[in-house]
Amino acid sequence: GGHQANRRLGRGHGSLSAARGAGAAWLLGEVSGQFPTNHLCAVVGPSGCGKSTLLKLIAGIRQPDEGTVHWEDRDLEEEDLGPHEIGYVPQFGIAFDLLTVGESIETALRLRVGGLSEAERQTRTLHFLSEVGLPEIAERRVGILSGGQKRRLALALEMVHEPPFLLCDEVTSGLDPKSESEIVQLLHNLATRERRTIISVTHSLRHLELHDTVTVLYEGRLVYQAAPMSLGE
């Protein structure tokens, strides 16, 4: 399938619009929404409605056959997003089970942030573990972490290069209600504290009130976008 998109995020406020088509089969079409800085947006809708496709479109994993993609007035067909500008958190983390939590962060720093001394890596490792609430288990192996702890680690791994834009694909899937609430609250804190835009695809309708806006997709079209309190109106 093909797709087209326009995306723009200003320093304090931005917008994203996307349309996606592939001959007789449209995956996303006539999608338009706004995603400001300092903002956590939930993207919800039934399976197959285009939620993950929208993230892949924004991230540049899928290239448009029609239309354009823009970020802060840049045409991303001409200039890709830099690796420091965007983070992508999948449903299932990619940390190695045999590494400890701290080693996982240190490895990510070595791979994605160059020029750091050993002391700087240790300082940053502690900082990012503290950001996601994991400093007490830095020596614990990834393989024995709980589901919620693994999702926190996955977020930390994508934050080591401090991207202004973070895409999350089902990061609360399969978690118990308490862990899910904690992860959503963490996402909100990461958006507001660090002036970050976070778009979070989710099947869950719990905790929508913790999001700044909710975007609803249905059969590849955006049918609602507003504050969660307006959903029942």
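Quantities reported herein were computed from a predicted structural model and do not represent experimental measurements.

### Structural notes on the pattern of salt bridges
Moving on, step 1. On inspection of all chains with the given rule, the structure shows 7 salt bridges.
Moving on, step 2. Taking the shortest distance from any N to any O, the salt bridge between Glu118 and Arg110 comes out at 3.2 Å.
Moving on, step 3. Residue Glu118 is classed as partly exposed on the basis of its relative accessible area of 37%.
Moving on, step 4. Arg206 is paired through a salt bridge with Glu180; the nearest N and O atoms lie 2.5 Å apart.

### What to know about the side chain of Glu85
Moving on, step 1. Along the polypeptide, Glu85 turns up in the loop between strand S6 (74-75) and strand S7 (86-89).
Moving on, step 2. The exposure class of Glu85 is buried, given its relative accessible area of 12%.
Moving on, step 3. Not counting the four nearest positions on each side in its chain, Glu85 is found in contact with Trp71, Arg74, His161, Pro163, Pro164 and Phe165.

### Here's the deal with unusual backbone geometry
Moving on, step 1. The phi angle at Glu162 is positive, at roughly 50 degrees, despite the residue not being glycine.
Moving on, step 2. Within the fold, Glu162 resides in the loop between helix H4 (147-159) and strand S8 (165-169).

Definitions and cut-offs
- Residues numbered from 1 in each chain as written.
- Predicted model: local features only at pLDDT ≥ 70, side-chain atom pairs only at ≥ 80, totals over all residues.
- Heavy atoms only, no water.
- Salt bridge = Lys/Arg side-chain N within 4 Å of Asp/Glu carboxyl O.
- Buried < 20%, exposed > 50% of the residue type's maximum accessible area, 1.4 Å probe, protein only.
- Helix = DSSP H or I, 4+ residues; strand = E, 2+ residues; numbered from the N terminus.
- Contact = heavy atoms within 4.5 Å.

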